[in-house]
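# Architecture at a glance
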Amino acid sequence: MRGGPLVVVGDVLLDVDLEGSAERLTPDAPVPVVDCRREHHRAGGAGLAATLAARLTGRDVVVVTALGDDRSGRRVRDLLARHVEVVPLPMRGTTPTKIRVRAAGQSLVRLDTGDGRAADGPVDPRVATVLEGAGAVLVSDYGRGVTAHPELRRLLAALSGRTPIVWDPHPRGAAPLPRTRLVTPNRAEARAFAGDEPTAGDGGFAQASRDAATLVERWQVGGVAVTLGDRGALLSVGDGVPFVAPAPETGITDRADTCGAGDSFAAAAAHVLRGGGLVTEAVTEAVRYASAFVAAGGAGAVLGTDAAPAAPEPPAAPADGEPWEVVERVRGRGGRVVATGGCFDLLHAGHVTMLREARRLGDCLVVCINSDASVRALKGPDRPVVTASDRARVLSALECVDAVAVFDELTPVDVLERLRPDVWVKGADYSGGDLVEADVVRRHGGEVVLLPYLDGRSTSRLVARVRETASTLGGETR
């Protein structure tokens, strides 16, 4: 972690959401009447990016922005001061304000007021001090003149190459400075900045990859990450194969409020780079954070309250109760529950074949796996090779597996007391006498079966082979 704060430089707006219901049309025109019931204020633009960055850093954030001396300017200054330190620049004109009228979770219209832009001229001496001590800088450009300010650009240029800078660009804003670590346009922005004619029918990653590579060379920056909505983001560092960070499955619908998703992406990327992370790690975490942000309600869930809003949690892993919920649903419709168990360290073809065959014996398959401590007790201090959380994730990704349960004991007897499967399955490398859990399964009316096991497939053999290969390679290098 770099020692200084995360500094956000950019255009702050005042965002207002008018929330209500629309259940009738006006008598004089076919337009909805919105009965407004709530009014929410928040810092928008670079202010939203700074607020989200404060969630990630524990308020170790400074925002450098132009603020107007008017009602909206004073309001947004107050909202920001609750979460971040503000270093103001003079503004020419009135504070930009965006008012969204919403009903039933949908925006019906947006009203924009305010013509304010950053004023030319000298900047507060604190700006140079803050930037010089920054652990990372996030430039949040909303086309209102802050990033075009000559003195600010000079100060930022002095940092590029030694302090991580993430630049979230705007079509009406200034171009990112050379040696910026990461630029984060969305697909449409990247297309407009690149300026070439798109390839007809290219709905995949190819166009975004070409645009990003073009912009890396044109702007002379370290990397360009094109955000792709529910498809994640694509990172290019110039020539070569691009890096793609897929979006997690969050159950987000087409009606989700995506306002602020780009700000959350840029804030998370800057936070990771401030901590010394790689650009690929920054993009991966930014996709995860932005997806969680939208799933949690987007900008509409960020209210101007006295308490700093909590960070959205990452998409939840399967909950401990999920196996029991699966079993309850299947039994509720008269289905047959199948279960199997083991370490499942280094999943291999033998495992997959057995799991597929097991699933065909009933209406759901629950896999019971030994915890890391349990595997160590059974296999020795150098096992497991793969942690329980990762083993559960890999198993859950198999189409034939409906749920995974982790147990701490040496045998799955306790978990089976609760699970009570109709069928308990093991590979044919076991015998009936080896299965201490067979009694508990039969006591609850279940049956125990052995399935064919592919010869020569064994995690222990795989581990031994890897060690033998590593030892041989090590001997050759000495």
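Everything in this summary refers to the structure shown in the same document. For clarity, every value in this text was computed on a predicted model and none was experimentally measured. (Residues numbered from 1 in each chain as written. Predicted model: local features only at pLDDT ≥ 70, side-chain atom pairs only at ≥ 80, totals over all residues. Heavy atoms only, no water.)

## Observations concerning the nonpolar core
In terms of nonpolar packing, the biggest core is built from 49 residues, with Leu138 and Val283 touching the most fellow members. Counting residues per element, the ones that place at least two in this core are β1 (6–10), β2 (12–25), α1 (46–57), β4 (61–67), α2 (71–81), β13 (233–236), α7 (261–274) and α8 (279–295). Those residues within four positions of Val283 in sequence are excluded, and the remaining contacts are Leu182, Ala225, Ala233, Leu235, Ala245 and Phe265. Of all hydrophobic cores here, the second largest spans 38 residues; its members include Val127, Ala134, Trp219 and Leu228. (Core = buried A, V, L, I, M, F, W, Y, C linked by side-chain atoms within 4.5 Å. Buried < 20%, exposed > 50% of the residue type's maximum accessible area, 1.4 Å probe, protein only. Helix = DSSP H or I, 4+ residues; strand = E, 2+ residues; numbered from the N terminus. Contact = heavy atoms within 4.5 Å.)

## Here we look at the environment of Leu378
Positionally, Leu378 belongs in helix α11 (residues 372–379). On the basis of relative accessibility, which here comes to 42%, the residue Leu378 falls in the partly exposed class. Taking C-alpha positions, Leu378 is 9.3 Å from Cys343, a pair spaced 35 residues apart along the chain. Apart from residues no more than four positions distant in its own chain, Leu378 is found in contact with Cys343, Asn370 and Leu410.

## Concerning the packing of helix α3 (residues 125–132) against helix α4 (residues 150–159)
In the contact formed by α3 and α4, the axes pass within 10 Å of each other and the chain directions differ by 20 degrees. What the angle tells us is that α3 and α4 run roughly parallel. Regarding α3 and α4, the two cross each other, and that crossing is right-handed. Side by side, α3 and α4 meet where Val127, Ala128, Leu131 and Glu132 of the first sit next to Leu152, Leu155, Leu156 and Leu159 of the second. Residues of the contact of α3 with α4, tallied by class, amount to seven nonpolar, no polar and one charged. (Axes fitted to C-alpha atoms, helices over the stretch in contact; angles between N-to-C directions. Parallel < 35°, antiparallel > 145°, perpendicular 65-115°, else oblique. Left-handed = near helix turned anticlockwise from the far one by under 90°. Nonpolar A, V, L, I, M, F, W, Y, C, P; charged D, E, K, R; others polar.)

## Describing the pattern of salt bridges
In total, this model carries 22 salt bridges according to the counting rule given. Measuring nitrogen to oxygen at the nearest pair gives 2.8 Å for the salt bridge that ties Arg391 to Asp372. Taken together, the positions of Arg391 in helix α12 (residues 388–396) and Asp372 in helix α11 put the pair 19 residues apart, joining distant regions of the chain. What emerges from the salt-bridge pattern is a single network uniting Asp15, Asp17, Arg42 and Arg100. (Salt bridge = Lys/Arg side-chain N within 4 Å of Asp/Glu carboxyl O.)

## Focus on the sheet that holds strand β18 (residues 423–427)
Think of a sheet as strands paired side by side through backbone hydrogen bonds, with each pair either parallel or antiparallel. Spatial ordering of the open sheet is given by β17-β16-β15-β18-β19, a layout of five strands whose pairing is parallel. The two strands at the open ends of the sheet, each matched to only one other strand, are β17 (403–407) and β19 (447–451). The sheet shows a mean angle of 25 degrees between the axes of neighbouring strands, taken without regard to direction. Of the strand pairs in this sheet, β18 and β19 are connected by five bridges, and their pairing is parallel. Bridged to Trp424 within β19 is Val448. (Pairing = 2+ DSSP bridges.)

## Brief notes about the packing of α7 against α8
Interaxial distance between α7 and α8 falls to 7 Å at its minimum, and their mutual angle equals 140 degrees. When you trace α7 past α8, the crossing you get is right-handed. Contact with α7, carried on its side by Ala261, Ser264, Phe265, Ala268, Ala269, Val272 and Leu273, involves Val279, Glu281, Ala282, Val283, Glu285, Ala286, Val287, Tyr289, Ala290, Phe293 and Val294 of α8 and no other residues of that element.

## Observations concerning the packing of aromatic side chains
Counted according to the given criterion, the structure contains one aromatic pair. With 5.3 Å between their ring centres and 70 degrees between their planes, Phe193 and Trp219 make a pair best called edge-to-face. Residue Phe193 is located in helix α5 (residues 187–194), and its partner Trp219 is located in helix α6 (residues 206–219); the two are separated by 26 residues in the primary sequence. Sitting above the plane of the Phe205 ring, Arg231 keeps its charged end 4.5 Å from the centroid. (Phe/Tyr/Trp six-rings, centres within 6.5 Å; stacked < 30°, edge-to-face > 60°. Lys NZ or Arg CZ within 6 Å of the ring centre and 35° of its normal.)

Shape is all these values report; function is a separate question.
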